[in-house]
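# Structural characterization, general
Each chain, letter by letter, is given below.
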Amino acid sequence: MIRILKFAKKRWYMMLIIVLLLTGQAYCELTLPQYTSNIVDVGIQYKGIERTIPEVVRPETFQALMAMADKDDQSLINDAYELKKQGSDKDLENLYPLLKESDLYVLDYNDFDEETMDKLTETVTDAEIDLIQMMAKQAQRSGAKVDSEYASMMAKVSEEDFDNLKDVMGDSMAIALIQQEYDAIGIDMDEYQMNYLKRTGTYMIGLSFGSMIMAILVTLVASRMAAVTSKELRDKIFRKVVSFSNEEINRFSTASLITRCTNDVQQIQMVMVILFRMVLYAPIMGIGGIIKVMNTDTSMVWVIVLAVILLVGVVMLLMSAAMPKFKIVQDLVDRVNLVAREILTGIPVIRAFSRERYEEKRFDGANKDLMKTQLFTSRVMAFMMPTMMFIMNGVSVLIIWAGSHGVDAGTIQVGDMMAFITYTMQIIMAFLMLTMISIMLPRASVAAERIDEVLESETLIVNVENPEQIKGRGTIEFDDVTFKYPDADEPVLKNVNFTAEAGKTTALIGSTGSGKSTLVQLVPRLFDVTEGAIKIDGTDIRKIDLGDLRRNIGYVPQKGLLFSGTIESNLRFGAEDAPEEQIKKAARIAQTTEFIETKPEGYESPIAQGGGNVSGGQKQRLSIARAIAKDPKIYVFDDSFSALDYKTDVTLRKALYQEVGDATVLIVAQRISTILHADKIIVMDKGTVVGQGTHEELLKTNRIYREIAESQLSKKELEGQV
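Just so it is clear, the structure is predicted and the values come from calculations on it, not from any experiment.

## A closer look at the overall build of the protein
- Helix and strand counts for the protein stand at 28 helices and 15 strands.
- In terms of C-alpha radius of gyration, the protein reaches 44 Å, well past the compact-globule figure of 27 Å for 722 residues.
- Structurally, the protein occupies a C-alpha span of about 150 × 50 × 50 Å along its principal axes.
- Contacts spanning at least 24 positions in sequence make up 76% of the contacts within the protein whose residues lie at least 6 apart.
- Surface summary for the protein: the accessible area is close to 36600 Å², and the carbon and sulfur share equals 55%.
- One way to put it: in the protein the 79 positive side-chain charges average out to a point 14 Å from where the 98 negative ones average out.

## Things to note about the packing of aromatic side chains
- As enumerated under the stated definition, the model contains 13 aromatic pairs in all.
- Measuring from centroid to centroid gives 5.7 Å for phenylalanine 62 and tyrosine 81, while their planes differ by 70°, and the two rings are edge-to-face. Linking phenylalanine 62 in helix α3 (residues 59-68) with tyrosine 81 in strand β2 (residues 81-84), this pair joins segments that are 19 residues apart in sequence. Pair check on accessibility: phenylalanine 62 and tyrosine 81 agree, each one buried.
- The interplanar angle of 55° and the centroid separation of 5.4 Å between the aromatic rings of phenylalanine 483 and phenylalanine 527 together place this pair among those described as tilted. Linking phenylalanine 483 in strand β4 (residues 476-483) with phenylalanine 527 in the loop between α18 (516-521) and β7 (531-536), this pair joins segments that are 44 residues apart in sequence. Of the two residues, phenylalanine 483 and phenylalanine 527, neither departs from the other in class, the shared state being buried.

## Focus on the pattern of salt bridges
- Tallied over the entire structure, the rule returns 26 salt bridges.
- Across the pair glutamate 232 and arginine 11 runs a salt bridge, and its minimum N-O distance is 2.4 Å. Residue glutamate 232 is found in helix α9 (residues 189-243), and its partner arginine 11 is found in the loop between α1 (2-7) and α2 (12-45); the two are separated by 221 residues along the sequence.
- Looking at arginine 11, the relative accessible area reads 13%, which means it is buried.
- Across the pair lysine 535 and aspartate 479 runs a salt bridge, and its minimum N-O distance is 3.6 Å. With lysine 535 in strand β7 and aspartate 479 in strand β4, the pair connects residues that are 56 residues apart, well separated along the chain.

## Notes on the nonpolar core
- Counting 77 residues, the largest nonpolar core has Ile4, Ile18, Ile268, Phe276 and Val395 as the members making the most contacts within it.
- At 18 residues, the largest contribution of residues to this core is made by helix α17 (residues 414-455).
- Among all residues touching isoleucine 18, those that are not within four sequence positions of it are Val218, Val221, Ala222, Met225, Phe276 and Leu280.
- Counting residues in hydrophobic clusters, the runner-up holds 49 residues, among them Ala507, Ala578, Ile708 and Ala709.

## Points about α9
- Its 55 residues give α9 an end-to-end C-alpha distance of 80 Å, which sits within 8% of 81 Å, the value for a rise of 1.5 Å per residue.
- A distance of 3.2 Å separates the backbone nitrogen of aspartate 190 from a side-chain oxygen at the start of α9, and that oxygen is part of aspartate 188.

Procedures and definitions
- Residues numbered from 1 in each chain as written.
- Predicted model: local features only at pLDDT ≥ 70, side-chain atom pairs only at ≥ 80, totals over all residues.
- Heavy atoms only, no water.
- Helix = DSSP H or I, 4+ residues; strand = E, 2+ residues; numbered from the N terminus.
- Rg over C-alpha atoms; globule rule 2.2 N^0.38 Å.
- Contact = heavy atoms within 4.5 Å.
- Areas by Shrake-Rupley, 256 points an atom, 1.4 Å probe, with all protein chains shown as cover.
- Lys, Arg positive; Asp, Glu negative; His and termini not counted.
- Charge placed at Lys NZ, Arg CZ, Asp CG, Glu CD.
- Phe/Tyr/Trp six-rings, centres within 6.5 Å; stacked < 30°, edge-to-face > 60°.
- Buried < 20%, exposed > 50% of the residue type's maximum accessible area, 1.4 Å probe, protein only.
- Salt bridge = Lys/Arg side-chain N within 4 Å of Asp/Glu carboxyl O.
- Core = buried A, V, L, I, M, F, W, Y, C linked by side-chain atoms within 4.5 Å.
- Expected span 1.5 Å × (residues − 1).
- Polar contact = N/O pair within 3.5 Å; in protein donor to acceptor, adjacent residues only side chain to side chain.

Here it is as structure tokens:
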């Protein structure tokens, strides 16, 4: 989870907004059960009377309460009530009809703070209970019937049991006395009760609406943050991958990098929304629920402790079984992508060799492995939700069973028990939220780890501090160059020494696997040399700015690759601002003008992804034209003429020598005909240079070159050239 949060650290202000909104939502939802409790206990049971202190009393009742209070408390009670004379206030007469006929004492709320009001309530309540007890004693002595319900009941209770009963039912006694007083004053208790219910219901609707608004805002903010973070992650991964050398690309594999940039980032985005919507909300609700429970009743806290222990135990047990499989799932997704990519790109070969059934089985095997692992994790997690619901329902039954005894004994109000159940469910739901995210978080954690692996991987080919620029004509010098692929036992190239001079063509030829392509890939630093150095105009290319180095190299790889777009967009790939004349000149040199002009849309003709809608020879010529359009100082042709017919090959090379004669040209070739007129030919065998010279010189002096020539040229042609 820390990794996921790290990805979103730039959006800290959004996180703060989410936390504030979640806190507000939690406050609303945690306050609602208390209002529900008040509706049951106060609104229904107590007829809407909220406090055990009357807001209005008759003079005789006031004097009786004063008589029951201690001398120190009498002044507090006296200050709290204001005597209203008969007929002195028309508005109060509507509330208290008895005021038309008699004086009344009215409580003045505005003169007291909360602390003083609590003390006053406690004092008046004690006085009310003592008054009921006195009325009960009088009834016992005289045998007379009393008006108060609780006084009548107390008359049947022995004095030694009264103190115990007072602790259990004290508030109820006081409320009953206040109800009796209000009836005597003429207050309509049904209307009084309904007003309280309406007022409380309005508060509840307001809290519910506020909770809904904040929940919507949280979802919107969390979704935006997750979407923006995912976009930035994809950008970072792509920029990092673009900076990779071939070594890093090979280490991760293309299929894995695609999965990390798409599927893994999608996992992060999905979990991030849930993370900020639910995981942050869960502890707020859980802690808030525990605080509310502690304020409601502590006699049943053991039920919550038991539920939490069971929940944690179930989650830990199931996660210990499922967690190791989540990483395997991601690796298997990579495998499915790899197999699918290989099959889709190799369909022509697969069909040519009638290997469809075999490849179907290979894909089916990778697909089944993924399915089996996903089924295992799904089956494990399938136990989680039913188990949680069983625990939640069991806790509800346990609370009702334990709470009903308290209600029967008078130690717990019905509304308090309802609030306790609600708060307990909120606490358990907080754990359920964490449980739900625990199903997704492990896989997202694996995805975050895989993304981090790419972002934090060391890019081996980077600029040095204070890099230099290419200032000369582009002469390339290979100075004792040795190269070994990572984890390889033997070097591919060993002690290679030669110079490719500016204004001349240098060709490399040799048997398959002799290291020709690897050698020219070192020039634009697709790999870096293991030992020795490659220099351009006397400067080690590792000290030259990477951008400047590659801008000055027109590289044409073995496999011609075009990008989706148009012919012109592909030719401008390395020279966006080149004038139209330069683009057309490059096309003419590469012998592409003929087939471009036959197309109705000319240079605006569409090119499919990978150049799938042009032939191999056309693709190769367009790749050559793309390099020429850059007008670089150095040309590197890595066996780039292999798909051309002999006539086109000759014409193209002739135009190339005439138009770019001042550039350094490095050609890798398999055909002798391609390099016959090169200024220097480098013969390679098993990674070493075994000969240098012109075509005629090598025919006389180099056995390997002569063997290659004999395999491609007739005896008559050879005799005419020696």
